[in-house]
Amino acid sequence: MSATRAPGAVPTAPSTEPIRPLGVKRTRNPKRLLIYVLLAVGLLVMSAPFLWMALSAFKTSSELSASPPVWIPTEWTLDNFRELLDKLDLPLYFMNSVIVAVLVTVSNLVFCSMLGYALAKLNFVGRNKIFGLVLGALMVPGNLMLLPLFVLMSKLQLIDSYAGLVLPFAAGAFGVFLMRQFMQSIPDELLEAARMDGAGEWYIFWRIVMPLVKPALATLSIFTFLGSWNNFVWPLIATNDPDKYTLPVALATFATDPNKAGGSNGMLMAGAFLVVLPVLILFIALQRHFTQGIATAGMK
């Protein structure tokens, strides 16, 4: 008996997908399987140095010098961390890095968001020229600015100070560009409706725009914190007082001092692990927002 069709219903074309018998699984796509294998190999190659460093921080001296190399420690130990704490004022340098990285990150979030909002949503004379300057600043190598920055900080007497480590990186061209591009996706009608209700620009910026750009803020915070935390050249140039050293500078100085490190690879691995750990924690905490920000920025 043929199936009846309701009056006015549009006939559907018959499905061209082959009918599989029950219990027969769909065959895997060989190309997709090959892509997964290549991605897995790439992930293994990229993560191998980090895994080696992290595992070596908990190895004994004999396992560090073993041949062939031992990947997973047979006897986990914290002696490398204890020796590092005994020979290096690690809490002081760790706190210096935290203060500098947090101040640089917060200042970039505030200033880059302000300028990005102005370039994306406000009409004023010279807006396109200012955005052109931002794009031009992205093309200037960072090392080219070290000498002018050092002269400027010296004239301002900010060498060996937190201000001298933070102010040169309080706002970056990349952050301005990222926030401007992201804020352009906010509908202008939403902002105009707020202005018609009597809201000022500060209220619109802080209460409407900023909550909508949380993925971009998370992305910018990770990039900025990572760059500031791992920054080595500028803290090395701008600090002469060892008490103002950041953690990367202190570890590099410690590693080149034979009276302190003494060629102990275990202590150096433990120090490198402590440098990477805060960035890893930050990335895991903001991973969802970071992924959303990258995906949304890619659709613009």
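Since the structure is predicted, the reported quantities are computational estimates derived from the model, not experimental observations. What you see as residue numbers is a count from 1 along each chain, following the sequence as written. The predicted origin of the model limits local features to residues at a pLDDT of at least 70 and limits the giving and counting of side-chain atom pairs to 80 or more, whereas totals for whole chains, interfaces and linings rest on all residues. Derived side-chain values reflect all non-hydrogen atoms in the structure, with water molecules and hydrogen atoms excluded from consideration.

Enquirer: Help me understand the overall build of the protein, please; the structure alone is not making it clear to me.
Expert: Counting its regular elements, the protein contains 15 helices and 0 strands. Classification of the 300 residues of the protein by burial places 33% in the buried group. Whether two residues are in contact is decided by their heavy atoms, any of which lying within 4.5 Å being enough. The long-range fraction of contacts in the protein, counting pairs at least 24 apart against all pairs at least 6 apart in sequence, stands at 72%. Accessible surface for the protein amounts to roughly 19,200 Å². Of this, 67% is attributable to carbon and sulfur atoms. To qualify as a helix, a DSSP run of H or I must reach at least 4 residues; to qualify as a strand, a run of E must reach at least 2; elements of each kind are numbered from the N terminus. Any residue under 20% of the maximum accessible area for its type is buried, any over 50% is exposed, and the rest in between are partly exposed; the area is computed with a 1.4 Å probe on protein chains only. Working definition of accessibility: Shrake-Rupley area with a 1.4 Å probe, residue cover restricted to the visible protein chains.

Enquirer: Teacher, can you tell me more about the UniProt feature "transmembrane region" (unreviewed entry) in the protein here?
Expert: UniProt positions are given in the numbering used here, feature names are shortened, and annotations may be inferred rather than shown by experiment. Here the UniProt feature "transmembrane region" (unreviewed entry) sits at residues 33–55, 93–118, 130–150, 162–183, 204–226 and 267–286. With 67% helix and 0% strand, the stretch residues 130–150 has end C-alpha atoms that lie 25 Å from each other. Its end C-alpha atoms 30 Å apart, residues 204–226 is made of 96% helix and 0% strand.

Enquirer: Where do I start with the environment of V249 in this structure?
Expert: Within the secondary structure layout, V249 lies in helix 13 (residues 247–255). Once the C-alpha coordinates of V249 and S97 are considered, the two residues, 152 residues apart in sequence, prove to be 9.8 Å apart. Filtering out sequence-adjacent residues up to four positions away, V249 remains in contact with F232, P235 and L236.

Enquirer: Would you mind showing me how to read helix 6 (residues 146–155) here?
Expert: Because each turn of an α-helix spans 3.6 residues, side chains separated by three or four positions end up pointing in the same direction. Where helix 6 is concerned, the buried positions are L146, L149 and M153. Here the buried residues of helix 6 occupy an arc of 65 degrees about the axis, which is enough to place them on one side. Facing away from the buried side of helix 6 by over 90 degrees, the exposed positions are L147 and K155. For helix 6, the elements touching its buried residues are helix 7 (162–166) and helix 12 (233–238). The reported arc concerns the directions from the helix axis to the C-beta atoms and nothing else.

Enquirer: What exactly am I supposed to notice about the pattern of salt bridges here?
Expert: Pairs can form between side chains of opposite charge once their charged atoms are near each other. The term salt bridge refers to a pairing of a side-chain nitrogen on Lys or Arg with a carboxyl oxygen on Asp or Glu at a separation within 4 Å. Enumeration over the complete set of coordinates arrives at 4 salt bridges. For D79, the salt bridge is made with R82, and the minimal N-O distance between the two is 2.8 Å. Remark: R82 and D79 occur in helix 3 (residues 79–87); sequence separation between them is 3 residues, near one turn of the helix. The exposure class of D79 is partly exposed, given its relative accessible area of 39%. The residue K121 makes a salt bridge to D188 at a minimum N-O spacing of 2.7 Å. On the criterion of sequence distance, the pair formed by K121 in helix 4 (residues 90–121) and D188 in helix 9 (residues 188–196) is long-range, its members being 67 residues apart. For K121, a relative accessible area of 12% puts it in the buried group. Note on D188: relative accessible area 44%, which makes it partly exposed. Ionic contacts of the salt-bridge type, sharing partners, join the residues E192, R195 and E201 into one network.

Enquirer: Please explain the packing of helix 4 against helix 13 as it appears in this structure.
Expert: Packed helix pairs are characterised by how far apart their axes lie and by the angle those axes make with each other. Packing of helix 4 against helix 13 brings their axes to within 8 Å, and their N-to-C directions diverge by 140 degrees. Compared by their axis directions, helix 4 and helix 13 come out oblique. For the pair helix 4 and helix 13, the contacting residues are L90, Y93, F94 and S97 in the first and L247, P248 and A250 in the second. Residue classes follow a fixed rule: Ala, Val, Leu, Ile, Met, Phe, Trp, Tyr, Cys and Pro count as nonpolar, while Asp, Glu, Lys and Arg count as charged, and any other residue, Gly among them, counts as polar. Grouping the constituent residues of the contact of helix 4 with helix 13 by class yields 6 nonpolar, 1 polar and no charged. What counts as an axis is a line fitted to C-alpha atoms, over the stretch in contact for a helix, and the angles between N-to-C directions run from 0 to 180 degrees. Should an angle lie under 35 degrees it is considered roughly parallel, over 145 roughly antiparallel, and from 65 to 115 roughly perpendicular; all remaining angles are considered oblique.

Enquirer: In this structure, what is going on with the environment of M267? I would like to understand it.
Expert: Mapped onto the elements of the fold, M267 is located in helix 14 (residues 265–285). As a C-alpha pair, M267 and L84 span 183 residues in sequence and 5.6 Å in three-dimensional space.

Enquirer: I tried to follow the packing of aromatic side chains on my own but got confused; where do I start?
Expert: For any pair of aromatic rings, geometry is given as the distance between the ring centres together with the angle between the planes. To pair, rings of Phe, Tyr and Trp, with the six-membered ring standing in for Trp, must have centres within 6.5 Å; the planes then decide the type, stacked if under 30 degrees apart, edge-to-face if over 60, and tilted in the middle. Evaluation of the coordinates by the stated rule reveals 12 aromatic pairs. Considering the side-chain rings of F81 and F273, the 6.3 Å spacing of their centres and the 75 degrees angle between planes classify their relative orientation as edge-to-face. With F81 in helix 3 and F273 in helix 14, the pair connects residues that are 192 residues apart, well separated along the chain. For the residue pair F81 and F273, the accessibility class agrees, reading buried in each case. On the basis of an interplanar angle of 75 degrees and a centroid distance of 5.0 Å, the ring pair of F205 and W206 is categorised as edge-to-face. By relative accessible area, which is 4% here, F205 ends up buried.

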